[in-house]
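If you want the building blocks of each chain, they are given just below.
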Amino acid sequence: MHRRQNFHPFVFGIGIHTGEVVAGSVGSANRLEYTVIGDAVNLASRIEGLTKQFKTDILISEATVNALKGVYPLTRLRRTKVKGKKGGVVVFKAGKFVHR
């Protein structure tokens, strides 16, 4: 007999930002990890944190949208304060087309 179970939807947050980073392996021979560091990584992390506030899974920075050089189905959201950035950041979520 097959029992139907009620599962909650899987919710995740992804912040996408474009910028320069330093990438490489850190650690010892016993525990080696590949990592990236820099302001762009920190901002991507802050943008990921905004996904809860905007109730969406993926947010994209204005810098990334500008680097895409195309028309994609995105909705511009309001400028939002994030730690470490004066003036805040503008983020986009999947949705309506951006008219340029």
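As a reminder, the structure under discussion sits directly above these lines.
Model, not experiment: these values are computed from the prediction.

Caption draft 1: Molecular detail of the overall build of the chain. Broken down by element type, the chain carries 2 helices and 6 strands. In sequence order, the secondary structure elements of the chain are arranged as β-β-β-α-β-α-β-β. Against the 2.2 N^0.38 benchmark of 13 Å for 100 residues, the chain shows a C-alpha radius of gyration of 18 Å, more extended than a compact globule. The principal-axis extent of the C-alpha atoms belonging to the chain is close to 50 × 50 × 25 Å. Looking at the chain as a whole, 23% of its 100 residues are labelled buried. Element-wise, carbon and sulfur atoms account for 55% of the exposed surface of the chain, whose accessible area totals about 8100 Å².

Caption draft 2: Focus on the nonpolar core. Counting 9 residues, the largest nonpolar core is built from L43, I47, L50, F54, L59, L77, V82, V89 and V91. Put simply, the parts of the chain that give this core at least two residues each are α1 (39–53), β5 (73–82) and β6 (85–97). No other element matches the 3 residues that α1 contributes to this core. Residues within four places of I47 in sequence aside, it is in contact with G15, I16, H17, L59, S61 and V91. Counting 5 residues, the second largest nonpolar core, distinct from the first, contains V65, L74, V90 and F92.

Caption draft 3: The arrangement of the side chain of T80 in detail. For T80, the position within the fold is in strand β5. One polar contact links the side chain of T80 to the main-chain carbonyl oxygen of R78, over a distance of 3.1 Å. Excluding residues that lie within four positions of it along the chain, T80 makes contacts with L50, Q53, F54, G88 and V89.

Caption draft 4: Broad picture of the environment of V41. Relative to the helices and strands, V41 is located in helix α1. Classification of V41 as partly exposed rests on a relative accessible area of 26%. Each C-alpha atom, one on V41 and one on G15, is 9.6 Å from the other, the two residues being 26 residues apart in sequence.

Caption draft 5: Expanded view of a nonpolar patch on the surface. Judged by side-chain polarity, F10, F12, I14, I16 and I58 come together as a nonpolar surface patch covering roughly 460 Å² of accessible area. With respect to the helices and strands, F12 occurs in the segment before β1 (14–16).

Caption draft 6: Spatial organisation of the environment of T56. With respect to the helices and strands, T56 occurs in the loop between α1 and β4 (58–61). For T56, a relative accessible area of 19% translates into the label buried. Taking the C-alpha atoms as reference points, T56 and S28, separated by 28 residues in sequence, lie 38 Å from one another. Among all residues touching T56, those that are not within four sequence positions of it are F12, T51 and K93.

Caption draft 7: Focus on the pattern of salt bridges. The final tally for this structure, using the stated rule, is 2 salt bridges. Residues E33 and R31 are paired through a salt bridge, measuring 3.0 Å at the closest nitrogen-oxygen approach.

Cut-off values and rules
- Residues numbered from 1 in each chain as written.
- Predicted model: local features only at pLDDT ≥ 70, side-chain atom pairs only at ≥ 80, totals over all residues.
- Heavy atoms only, no water.
- Helix = DSSP H or I, 4+ residues; strand = E, 2+ residues; numbered from the N terminus.
- Rg over C-alpha atoms; globule rule 2.2 N^0.38 Å.
- Buried < 20%, exposed > 50% of the residue type's maximum accessible area, 1.4 Å probe, protein only.
- Areas by Shrake-Rupley, 256 points an atom, 1.4 Å probe, with all protein chains shown as cover.
- Core = buried A, V, L, I, M, F, W, Y, C linked by side-chain atoms within 4.5 Å.
- Contact = heavy atoms within 4.5 Å.
- Polar contact = N/O pair within 3.5 Å; in protein donor to acceptor, adjacent residues only side chain to side chain.
- Patch = residues over 30% accessible without salt bridge, like charges linked within 9 Å, V, L, I, M, F, W, Y side chains within 5 Å.
- Salt bridge = Lys/Arg side-chain N within 4 Å of Asp/Glu carboxyl O.

Nothing here speaks to function; it is geometry throughout.
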